[in-house]
Amino acid sequence: MTTAQTAQTAPQPSMRLRELVFGAACAAALRAAARLGVADALENAPTAVEDLAAAVKTEPKTLRRLLRALSCHGIFAEQPDGTFTHTDMSRLLREDDPNSLRAIALWCTEPWTWAAWPLLDEAVRTGHNVVEDLYGKEFFQYLNEDAPESADVFNRAMTTSSVQSARDVAQFLDLSGCGSVADIGGGQGHVVASLLEKYPTLHGTLLDLPRVVENVDPRLRPGGALADRARLVPGDCRVAVPVRADVYVIKNILEWDDDSTSRTLRNVIEAGGPGARVVVIENLVDDSPSMRFSTAMDLLLLLNVGGAKHTTESLTGRLTGAGLVIDDVRPVNPYLHAFDCTVPA
């Protein structure tokens with residue numbers, strides 16, 4: 001019986017719990033496969049482990065053990081003759097896949113995570129992050145100063161995620177008749193770039209920290225295809241939003257502590273003024289299609305920055321508490337929801 005056939009049998013509760021407590025083994029196996037480049041080495045035809053091992057410079061016997069463990073979860077598939085093939089999930093570990101999650105897989109299993117997860121009970125007990133006690137520094141300060149390789153993985157993971165979700169956001173948002181849009185805390189500007197490509201007369205502004213704006217999407221840089229309609233503003237949205245626009249997009253940044261979230265919303269409302277449209281896009285932990293992913297990310301946010309993913313109710317409370325009027329709430333894709341709001345007169 002192949003591992004794919006074995007995986008089809010639903011486990012009893014006691015065995016399912018045993019599997020779950022070994023979740024770290026699956027995460028570590030994914031990380032190992034991503035770091036070794038197994039998915040990139042495996043082409044479309046069934047491949048012998050010995051050939052794969054030669055391509056990724058590993059021992060055949062131990063590589064087979066790794067592949068067998070992953071195949072139980074539908075990541076790669078073992079054939080009756082002992083060769084392995086791709087599955088829809090294993091292809092997402094390839095660098096060249098347009099929907100690649102390789103960088104995300106590496107980011108979620110970085111070395112600091114293995115030190116932080118065992119302290120989850122302490123974070124739950126206190127409500128505070130554990131990274132500052134572990135490393136003596138705020139999370140992003142630690143990354144940039146003490147773990148530059150991990151910081152690079154983070155940046156690549158966020159870029160990958162942003163590029164993929166930007167396509168969905170641009171397709172979802174109707175900005176017909178709008179003259180300008182501002183992406184607040186918009187990273188490298190993939191959402192702005194996608195919107196400017198969709199709407200040829202639209203002007204866009206990206207606001208983010210100086211070190212982030214320095215690495216902006218090439219389309220928005222001087223000389224880029226969209227540069228004549230793009231404005232880059234280095235700054236911290238928690239301090240000020242010196243941007244006037246018809247529409248403000250706030251995507252996946254209201255996960256900080258309550259004070260930072262409140263200050264950001266207040267600054268956007270002051271910048272936009274009465275009638276401005278504010279579109280807040282977030283993962284929701286009560287969003288059933290993606291709850292396993294969103295709730296896991298919610299706990300990771302607690303560990304590293306003391307932040308949280310929102311429920312529909314909690315985000316609604318934050319937005320209305322800040323003074324916004326919520327006009328509509330709709331899913332953007334299976335893991336993102338958009339809260340379409342207006343600054344009242």
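Our subject is the structure that appears above.
What counts, and at which threshold
Residues numbered from 1 in each chain as written. Predicted model: local features only at pLDDT ≥ 70, side-chain atom pairs only at ≥ 80, totals over all residues. Heavy atoms only, no water. Helix = DSSP H or I, 4+ residues; strand = E, 2+ residues; numbered from the N terminus. Rg over C-alpha atoms; globule rule 2.2 N^0.38 Å. Buried < 20%, exposed > 50% of the residue type's maximum accessible area, 1.4 Å probe, protein only. Contact = heavy atoms within 4.5 Å. Areas by Shrake-Rupley, 256 points an atom, 1.4 Å probe, with all protein chains shown as cover. Lys, Arg positive; Asp, Glu negative; His and termini not counted. Charge placed at Lys NZ, Arg CZ, Asp CG, Glu CD. Arc of directions from axis to C-beta. Core = buried A, V, L, I, M, F, W, Y, C linked by side-chain atoms within 4.5 Å. Polar contact = N/O pair within 3.5 Å; in protein donor to acceptor, adjacent residues only side chain to side chain. Pairing = 2+ DSSP bridges. Axes fitted to C-alpha atoms, helices over the stretch in contact; angles between N-to-C directions.

Colleague: Run through the overall build of the protein chain, naming residues and quoting values.
Modeller: Scanning the protein chain for helices and strands turns up 18 helices and nine strands. Computed over its C-alpha atoms, the radius of gyration of the protein chain comes to 22 Å, within 12% of the 20 Å expected for a compact globule of 345 residues. Along the first, second and third principal axes, the C-alpha atoms of the protein chain reach 70 × 50 × 40 Å. Within the protein chain, buried positions represent 45% of all 345 residues. In the protein chain, the share of contacts with a sequence separation of at least 24, taken over all contacts with a separation of at least 6, comes to 64%. Total accessible area computed for the protein chain in this model is approximately 17,100 Å², and 55% of it derives from carbon and sulfur atoms. Taking the average location of the 32 positive side-chain charges in the protein chain and that of its 45 negative ones, the two points are 3 Å from each other.

Colleague: Kindly report on helix α5 (residues 49-56), identifying the contributing residues and their values.
Modeller: Structural remark: α-helix, 3.6 residues per turn; residues separated by three or four positions point the same way. By the burial criterion, the buried members of α5 are Val49, Leu52, Ala53 and Val56. Mapping the buried residues of α5 onto a view down its axis gives an arc of 100 degrees, with all of them on the same face. Exposed positions of α5 whose direction lies more than 90 degrees from the buried face are Asp51 and Ala54. Among the residues trailing α5, Lys57 stands out with phi positive, at a value near 60 degrees.

Colleague: Tell me about the side chain of Ser294, and name the residues and values.
Modeller: Locating Ser294 in the fold gives a position in helix α17 (residues 291-304). Here Ser294 is in contact with Asn283, Leu284, Val285 and Lys309, once residues within four sequence places are set aside.

Colleague: Let's hear about the nonpolar core: which residues, and what values?
Modeller: Ranked by size, the top nonpolar core spans 26 residues in total, and within it Ile184, Val241, Tyr248, Ile250, Val278 and Leu319 carry the most contacts. For this core, the secondary-structure elements that each account for two or more residues are β3 (180-184), β6 (247-251), α16 (258-272), β7 (277-282), α18 (312-322) and β9 (336-342). If we skip the residues at most four places from it in the chain, Val278 touches Tyr248, Ile250, Val268, Leu324, Phe339, Asp340, Cys341 and Val343. Counting residues in hydrophobic clusters, the runner-up holds 25 residues, among them Leu173, Val191, Val249 and Val279.

Colleague: Quick rundown of the side chain of Thr87? Include the residues and the values.
Modeller: Position of Thr87 among the secondary structure elements: in the loop between β2 (84-85) and α7 (88-91). For Thr87, the side chain forms a polar contact with the main-chain nitrogen of Phe76, separated by 3.3 Å. Excluding its chain neighbours within four sequence positions, the residues that come into contact with Thr87 are Gly74, Ile75, Phe76 and Ala77.

Colleague: Can you lay out the sheet that holds β3 for me, pointing to particular residues and giving the numbers?
Modeller: Overall, mixed pairing links the seven strands, which are arranged β5-β4-β3-β6-β7-β9-β8 in an open sheet. With partners counted over all chains shown, the strands left at the sheet margins are β5 (230-234) and β8 (325-333), one partner each. Between one strand and the next, the sheet's axes are offset by a mean angle of 20 degrees, whatever the strand orientation. Examined bridge by bridge, β3 and strand β4 (residues 203-208) share five bridges and lie parallel to one another. Looking across to β4, one finds that Asp183 is bridged to Leu206. Those strands touched by α18 are β7, β8 and β9, and its axis lies near 25 degrees from that of β9.

Limitation: the analysis is restricted to geometry and does not speak to function.
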